Amino acid sequence: MTTVDEDKILHDLERGAPEEGGGSAVAEEFSDPFDIANTKNASHNLLKRWRQAALVLNASRRFRYTLDLKRDEEQEKRRRMIRAHAQVIRAALLFKLAGQRATVLGTAVVPPSPSGTYGVSPEQLASMNRDHSIAIFEQYGGVKGISGMLRTDVETGITGDDDEFAQRRDAFGSNTYPVKKGRTFWMFLWDAWQDTTLIILIVAAIASLALGIKTEGIEEGWYDGGSITFAVLLVIIVTATSDYRQSLQFQNLNEEKRNIQVEVIRGGRREKVSIYDIVVGDVIPLKIGDQVPADGLVTTSHSLAIDESSMTGESKIIHKDQKAPFLMSGCKVEDGAGTMLVTGVGINTEWGLLMTSISEDNGEETPLQVRLNGVTTFIGIVGLTVAFSVLVILLVRYFTGTSKDPDGTVQFVRGKTSLGHTIDGVIHIITAAVTIVVVAVPEGLPLAVTLTLAYSMKKMMADKALVRRLSACETMGSATTICSDKTGTLTLNQMTVVEAYVGKRKIDPTEDSSQLPASVSSLLDEGLAQNTSGSVFLSKDGEVEVSGSPTEKAILQWGVKLGMKFDNVKSESIVLHVSPFNSTKKRGGAAVRGRTGSQVHVHWKGAAEIILASCSQYIDINGSLQSIDNDMDFLKDAINNMAEKSLRCVAVAYKTFEADMVPTAQEQLSQWTLPEDDLVLLAIVGIKDPCRPGVREAVELCTHAGVKVRMVTGDNIQTAKAIAQECGILSSNAETGEPYVMEGKRFRELPEKEREEAAKLLLVMGRSSPTDKLMLVQTLRKQGEVVAVTGDGTNDAPALKEADIGLSMGIQGTEVAKENSDIIILDDNFASVVKVVRWGRSVYANIQKFIQFQLTVNVAALTINVVAAISSGDVPLNTVQLLWVNLIMDTLGALALATEPPTDHLMDRSPVGRRESLVTNIMWRNLLIQAIYQISVLLVLNFEGLSLLKLKNDNIQHANMVKNTVVFNAFVLCQIFNEFNARKPDELNVFSGVTKNHLFTGIIGSTFILQIIIVNFLGKFTSTVKLSIEQWLICFLIGIISWPLAVAGKFIPVPKTPLGKVFVKPYQRCIAAREART
């Protein structure tokens, strides 16, 4: 927990630099609880503070999609309890370990009991893994014995058809765990009931119903109370239905997030399957950044290090090998590589038990959601004030005898009016005031964010983007810079070796093995086949297939074309130790010993200039060793020439070692550092990875939209520069030197002030490490930039977490990178990143449309009822009518406007400022024009309607009913027509694209039809009467005038200073007073 001071400092940091010109003393002292720029890493204190400051009528609904702070704390306690349980077991095992190992042969271990056709039961395997029992492990015969009992091969995996996998699921269970069922429709119905104002209305309706039946009889007396009850029930059902549909969308998206793709070895081939399809007996290769998908045993390991913090709560990295073979599901591979044999899946694992107990999604709030709660609170305070004023005025007028019925009869006469009639009159006044609160406090406004996010997230899946954090979707609309990887994001990730040098000779064509002597071919084959995380195998069709990362695949494919027999080469030698490739070292190595020879070859492969710098000799085309000193310039030029053609340059080298110089003990060997100097250069290859089609246009679109694209890559600076020019990040006439183009090391070594200046202009960073990327992100954020960053490696996790929006790669990204990201780009394509920017801006724009529409209704409805109440003691829009307006405004309006698809127009704007006013001056202009028009016309109708509508000769009661119906009908039609205006707040043509949004047209059509039914057929419930064709045309004309009025209004210029600042002082004082009381 943070202290109050720490919380204040954090809040100040989040608020950023003060605006130019300073502010008033009130503004400086006031800390707005709703001003949270980034909820990504916000403290519980900040999140609790805005909840306490919010004016809420229905907490269960309002906070449904926010983080449940109480449950979050409870689940963290549960995690700690489960982890503590695991730690107690580990401690006890460490205490017993020496005794177990010493007496393992004499230890009484329960022999394995068969399960179906398998030699061991799932309970025994789970017990062994849970207790990390070396005694049982060795008694069962180690990995070899257990794999035999599970009828699997530790090298080729399971061989069998679908029936074999079904049989294993029956015997050992599936790799799934029970997920708590989603909330049912009835739960959402119950939540919708919890609105304070609706409860008051129901109570009032029941009282009105009882009094009406008592005084007027059941046939006529039930209409007033019954109509209010029906209207409230309709609001509740429609609200619950809308909320339920949203929850189903979120459930589907959460299911997608959990469905991880895992590489397995089956029948000697590597293939990707869903994590849910893993079965006991599967053999799974592990590499840096992978999540361990099930409980299992290490079969092979090379410096394999596991982060078990997700299970134990300790950040200590555990090294795994044959002496410590137990792997727990849910843990992450921190370093090294290896393979595992699956022994436990689903609820037979500790991770499965943990996830079963805490599987319910907690939700989260977004910055826009918090700000909208602030807007709702502001509107609510105004609405409550107005409602209370109306209540007082109407009660005073009623009890002083100035309130009259339409026929002129005084409603209350002291000593004459019965108690029942008095109570009924007071109930009508209270329901009128409470209904104003229902309309005035827009409970649905913050939930409109969730609605538009749910819609956007579903559509973004089709655009190859999976949103992991809701807030990222909207924050992307504010992004000012994108730091993008090169490989696979800006390029196709379809790599091919197109140039190759052996010694000083260029091999042309690259696959011509006749140009290589046998000694060079043999060393190359060994280096390529053994120093790789990829694999070569025959497909089911008998064709050669290659697996691995794109770079590994390109090099292995080149080796195969040169005649390399992958399986033969691997069988002729033994890998002693591996130093896996990572993005920091930019190289990987393997120590290999021939099965018959006494020599050990240490093979290295990696970034060409880094490997070259470690070489002292090279093998020429004749197979002879030559000193590299005299030819270093030639080789560097060869690398630069390839890099300038946008080729990725990779070098292959080796060093000969005598076998007796290599550690023999397993523990010493696992800690052995492979020699990295005095290497012999074997070959340098240039790998082509062409730019993605359309990436140049996507970069240009970003630049046009005010979003600067930067390339951050681990590649050679020349390669990076060439690709950047090809993609349009560097224009042809742009500076190609510092500070526009810079190596990561150079950027890292700059003094802080110079680094900040360089970061502003930097467009391309080559040979960058994950630390350099993190430093760039931190520097840019410090300058006020909203930073989106792409990453695929484990070491990218800090930068992904630090960035405002972390974008991981769905194809090449590791599970660690994905877990630390906010959005997963499923096709690794930069064009998809740009689509996310469009969707982010669309979320913000849609919310603004809804706010403009809702504020117009609020201002008009409140003003009309208040003016009428003060002047005549009656309100023209009654309870049922206002509930119908509330339904149009709150739920149906949100559905219609919050689901508008993004348009190209959004990319013509600058990024949305994080603290830009939600209600812009353009919105104020639009809503004030419409509200003033509606108020003026409808108040004139209210006071002069009898003469304007030529009703003076009619029965006074019927004439008043017709007049009020026309006011109500015209008001609703104004909202229907104004909904079109709200679609395009800053465009003249409000109809563009309207036919493509079927939901919008459907809601508008349904609302209009329902309005006709309400006016013509439900008069008893809504206090309306049938209107003539002429009266309908008058209402229609009043509504349609809002269209030309909106067009004319858009030619009125608006000031640059936000009008919202005018209202900020009284609002701040009110919120500060509320906080002081809490």
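Residues numbered from 1 in each chain as written. Predicted model: local features only at pLDDT ≥ 70, side-chain atom pairs only at ≥ 80, totals over all residues. Heavy atoms only, no water.

Labelled according to an unreviewed UniProt entry, the chain appears under the name Calcium-transporting ATPase, originating from Salvia divinorum. Recorded in UniProt for the chain, the comment headed Subcellular location (unreviewed entry) runs: "Membrane". Entered under Function (unreviewed entry) in the UniProt record, the comment concerning the chain runs "Catalyzes the hydrolysis of ATP coupled with the transport of calcium." (UniProt positions renumbered as here; feature names shortened; annotations may be inferred.)

Q: Would you mind showing me how to read the UniProt feature "transmembrane region" (unreviewed entry) in the chain here?
A: Per the UniProt record, the feature "transmembrane region" (unreviewed entry) sits at residues 192-213, 225-244, 378-399, 426-455, 922-941, 999-1019 and 1031-1052. Helix makes up 100% of residues 225-244 and strand 0%, and the two end C-alpha atoms of the span are 28 Å apart. Within the segment residues 1031-1052, helix and strand shares are 82% and 0% respectively, and the terminal C-alpha atoms sit 33 Å apart. (Helix = DSSP H or I, 4+ residues; strand = E, 2+ residues; numbered from the N terminus.)

Q: What am I meant to see in the side chain of Q852 here?
A: As for its placement among the helices and strands, Q852 is situated in helix 33 (residues 830-872). For Q852, a relative accessible area of 4% translates into the label buried. Polar side-chain contacts of Q852 include one of 3.3 Å to the side chain of N926. The contact partners of Q852, leaving out residues within four places of it in the chain, are M923, N926, L927, N981, A982 and P985. (Buried < 20%, exposed > 50% of the residue type's maximum accessible area, 1.4 Å probe, protein only. Polar contact = N/O pair within 3.5 Å; in protein donor to acceptor, adjacent residues only side chain to side chain. Contact = heavy atoms within 4.5 Å.)

Q: Whenever I open this one, the pattern of salt bridges confuses me. Can you help?
A: Opposite charge on two side chains permits them to pair, given that their charged atoms come into close proximity. Applying the stated rule across the entire model yields 33 salt bridges. For D290, the salt bridge goes to K287, with nearest N and O atoms at 3.6 Å. By relative accessible area, which is 41% here, K287 ends up partly exposed. Across the pair K773 and D796 runs a salt bridge whose closest N-O atoms are separated by 3.5 Å. Of this pair, K773 sits in helix 30 (residues 770-782) while D796 is found in the loop between strand 24 (787-791) and helix 31 (797-802), placing the two residues 23 residues apart along the sequence. (Salt bridge = Lys/Arg side-chain N within 4 Å of Asp/Glu carboxyl O.)

Q: When you look at the sheet that holds strand 24 in this model, what are you seeing that I'm missing?
A: Sheet strands pair via backbone hydrogen bonds, and the direction of the pair is either parallel or antiparallel. If you trace the eight strands from one edge of the open sheet to the other, you get 8-26-25-24-9-21-23-22, paired in mixed fashion. The open sheet has two edge strands with one neighbour each: strand 8 (465-467) and strand 22 (741-743). Taking the axes of each pair of neighbouring strands and ignoring which way they run, one obtains an average angle of 20 degrees across the sheet. Both strand 9 (residues 481-484) and strand 24 contribute to a ladder of three bridges, which runs parallel. Directly across from T481, in strand 24, lies its bridge partner V787. (Pairing = 2+ DSSP bridges. Axes fitted to C-alpha atoms, helices over the stretch in contact; angles between N-to-C directions.)

Q: Whenever I open this one, unusual backbone geometry confuses me. Can you help?
A: The phi angle of most residues is negative, glycine excepted, and most peptide bonds adopt the trans form. D508 connects to P509 through a cis peptide bond whose omega is 0 degrees. Here P509 is to be found in the loop between strand 11 (505-506) and helix 20 (518-530). One non-glycine residue, K464, adopts positive backbone phi at about 65 degrees. Among the secondary structure elements, K464 is positioned in the loop between helix 18 (444-462) and strand 8. What makes K464 partly exposed here is its relative accessible area of 41%. Even without being glycine, D678 reaches a positive phi, approximately 55 degrees. Take D678: it is sitting in the loop between helix 25 (666-670) and strand 20 (679-688). Among the residues examined, D678 registers a relative accessible area of 46% and is labelled partly exposed.

Q: Any chance you could explain the nonpolar core here in plain terms?
A: Buried together is how nonpolar side chains tend to be arranged in soluble globular proteins. By size, the foremost hydrophobic cluster in this structure holds 149 residues, and its most contacted members are I729, V764, I805, I823, F830 and F971. Here the element with the most residues in this core is helix 33; it accounts for 19 residues. With near-sequence residues (within four places) excluded, I805 lies in contact with A472, T475, M476, A479, V786, V787, A788, V789, D822 and I823. Among the nonpolar cores identified, the runner-up in size contains 40 residues, and V120, V298, L304 and C331 belong to it. (Core = buried A, V, L, I, M, F, W, Y, C linked by side-chain atoms within 4.5 Å.)

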